[in-house]
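Each chain is listed here by its residues.
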Amino acid sequence: MGQGEKSGKLVCKVKNLHLEYDGNVLVDDFTTTIMRGDKIGIVGPNGAGKTTLIKALLDMSDDEVTKTGSVELGTNLKIAFFDQLRDQLDLEASVAQNVSEGSDFVEVGGRKTHIMSYLQDFLFAPERARTPVKALSGGERNRVLLAKQLLKPANILVLDEPTNDLDMATLELLEESVASFGGTILLISHDRSFMDNVVTSTWVFDQDEDGKGIVKEYVGGYQEYLVQKNREQAAHALEHQPIMQILPVKLPIRQPQQNLTKLPKSSTSMNSVNWTIYQKKSLH
Ligand SMILES: Nc1ncnc2c1ncn2[C@@H]1O[C@H](COP(=O)(O)OP(=O)(O)OP(=O)(O)O)[C@@H](O)[C@H]1O
Ligand SMILES: [Mg+2]
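## Section: the overall build of the chain
Step number 1: The secondary structure content of the chain amounts to 10 helices and 13 strands.
Step number 2: Looking at the chain residue by residue over its 284 residues, the buried ones come to 27%.
Step number 3: Here the contacts in the chain between residues at least 6 apart in sequence split such that 69% fall between residues at least 24 apart.

## Re the sheet that holds strand β3 (residues 39–43)
Step number 1: The strand order β5-β8-β9-β3-β10-β11 describes an open sheet built from 6 strands, whose pairing is mixed. Of all strands in the sheet, those bounded by a partner on one side alone are β5 (79–82) and β11 (213–219). Between one strand axis and the next, the sheet turns by 15° as a mean value, whatever way the strands run.

## Here we look at the sheet that holds strand β2 (residues 24–35)
Step number 1: The strand order across the open sheet built from 3 strands is β2-β1-β4, with neighbouring strands paired in antiparallel fashion. For this open sheet the edge positions go to β2 and β4 (65–73), each flanked by a neighbour on one side alone. Strand-to-strand twist in this sheet, taken as the mean axis angle between neighbours without regard to direction, amounts to 5°.
Step number 2: Relative to β4, strand β1 (residues 10–21) is paired through 8 bridges, and the arrangement is antiparallel. Within the sheet, the bridge partner assigned to Glu20 lies in β4 and is Thr66.

## Describing the nonpolar core
Step number 1: By size, the foremost hydrophobic cluster in this structure holds 53 residues, and its most contacted members are Ile42, Leu53, Val99, Leu119, Leu157 and Leu187.
Step number 2: At 5 residues, the largest contribution of residues to this core is made by β1.

## Some words on the environment of Val43
Step number 1: Positionally, Val43 belongs in strand β3.
Step number 2: For Val43, a count of 20 C-beta atoms within 10 Å translates into the label buried.
Step number 3: Between the C-alpha atom of Val43 and that of Ser189, which follows or precedes it by 146 residues, the distance is 6.6 Å.
Step number 4: Here Val43 is in contact with Thr202, Val204 and Tyr222, once residues within four sequence places are set aside.

## Some details on the packing of helix α5 (residues 138–149) against helix α6 (residues 168–179)
Step number 1: With their axes 10 Å apart at the nearest point, α5 and α6 run at an angle of 20° to one another. In this view, α5 runs roughly parallel relative to α6, as classed from their interaxial angle. Relative to α6, α5 is oriented so that their crossing is left-handed. Across from Gly139, Asn142, Arg143 and Leu146 in α5, the residues of α6 making contact are Thr170, Leu173 and Leu174.
Step number 2: Residues of the contact of α5 with α6, tallied by class, amount to 3 nonpolar, 3 polar and 1 charged.

## As for the environment of Arg36
Step number 1: Structurally, Arg36 can be placed in the loop between β2 and β3.
Step number 2: The sequence separation of Arg36 and Gly8 amounts to 28 residues, and the corresponding C-alpha distance is 6.9 Å.
Step number 3: Excluding anything up to four places from it in sequence, Arg36 contacts Lys6, Ser7, Lys9, Val11 and Thr184.

## A look at the site of ligand 1
Step number 1: Taken together, 13 residues lie around ligand 1, and Asn46, Lys50, Thr51, Thr52 and Asp62 are the ones closest in.
Step number 2: The element contributing the most residues to the shell around ligand 1 is helix α1 (residues 50–57), with 3 residues.
Step number 3: When the residues that make up the shell around ligand 1 are grouped by side-chain class, the tally is 4 nonpolar, 6 polar and 3 charged.

## Section: α1
For the α-helix, the turn length of 3.6 residues means that residues three or four positions removed from each other point alike.
Step number 1: Buried residues dominate α1, accounting for 6 of its 8 residues.
Step number 2: Within α1 the residues assigned to the buried category are Lys50, Thr52, Leu53, Ile54, Ala56 and Leu57.
Step number 3: Asp59 sits one or two residues past α1 and shows a positive phi near 60°.

## A word on the pairing of strand β6 (residues 105–108)
Step number 1: Both β6 and strand β7 (residues 111–114) contribute to a ladder of 4 bridges, which runs antiparallel. Paired with Phe105 across the strands is His114, a residue of β7.

Here is what the cut-offs are and how they apply
- Residues numbered from 1 in each chain as written.
- Chains lettered and ligands numbered in written order.
- Predicted model: local features only at pLDDT ≥ 70, side-chain atom pairs only at ≥ 80, totals over all residues.
- Helix = DSSP H or I, 4+ residues; strand = E, 2+ residues; numbered from the N terminus.
- Buried ≥ 20, exposed ≤ 12 C-beta atoms within 10 Å, placed from the backbone.
- Contact = placed C-beta atoms within 7 Å.
- Pairing = 2+ DSSP bridges.
- Axes fitted to C-alpha atoms, helices over the stretch in contact; angles between N-to-C directions.
- Core = buried A, V, L, I, M, F, W, Y, C linked by C-beta atoms within 7 Å.
- Parallel < 35°, antiparallel > 145°, perpendicular 65-115°, else oblique.
- Left-handed = near helix turned anticlockwise from the far one by under 90°.
- Nonpolar A, V, L, I, M, F, W, Y, C, P; charged D, E, K, R; others polar.
- Near = placed C-beta within 6 Å.

Everything listed is a geometric property; what it means functionally is a separate question.
See the structure below:
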């Protein structure tokens, strides 16, 4: 990945952002700050508003989307996109023309490299590199876009479902490039392991009681988010339990410790806990 000049420390400051499409509130009252080097994963169901949110943050919203609140962008932002629409290729032009914009040479890691040699790293033999993009398969088109995007001297990388339809070779190329990228990353993905390898915080689309979309922030990758969510749900369940009468029940006698070593591994954990069980009886 071309590492552009650093952006300013502050990348994006969002206050009370509200996004609506056709009467549906996709995002309500979202406030956050993105700093240089943040690696943010965005998750949520199809149609929740992930792509719409990213566009709103980068001042690329469609006219049909109603946007209120404020988004303040930092200085010297150079953005590279790898998006699910893959609409950044000129279908009539060849692979090579798309990637180098007509030039015979490209700059890779500060070195001048022939376009045909660069494209071989992306598994395009010279003949294939001269083929118009319209004649390529979906997987090949993804590789063209990757080769093109990785040349850009970017300091923000935006990936919208980047792993969809990628073959293994391209996926590996992408993972390596993203892992070594020092700038800011916004990543939308349903690929949990890719997400976990990349991000350090996670934004999750949820809904409030009125069905409005809300975005919650969690520290850590997707796995850590799941753990935190389980904890939240357990706390919520406790808070909203009906009033219970707690009655002690007869406890099984605890196994003496010396017998435990003879038990199979799975039952050890069962027996080593102190069996404190209460029967919960509703008052209704
Ligand atoms: N310009 C637009 N034209 C038509 N529909 C739009 C437009 N912008 C947003 N929407 C609608 O807003 C909702 C959110 O769309 P968005 O593409 O942001 O969802 P998403 O979370 O990225 O979904 P996916 O996971 O399928 O990519 C959808 O119902 C979509 O149809
Ligand atoms: Mg999307």
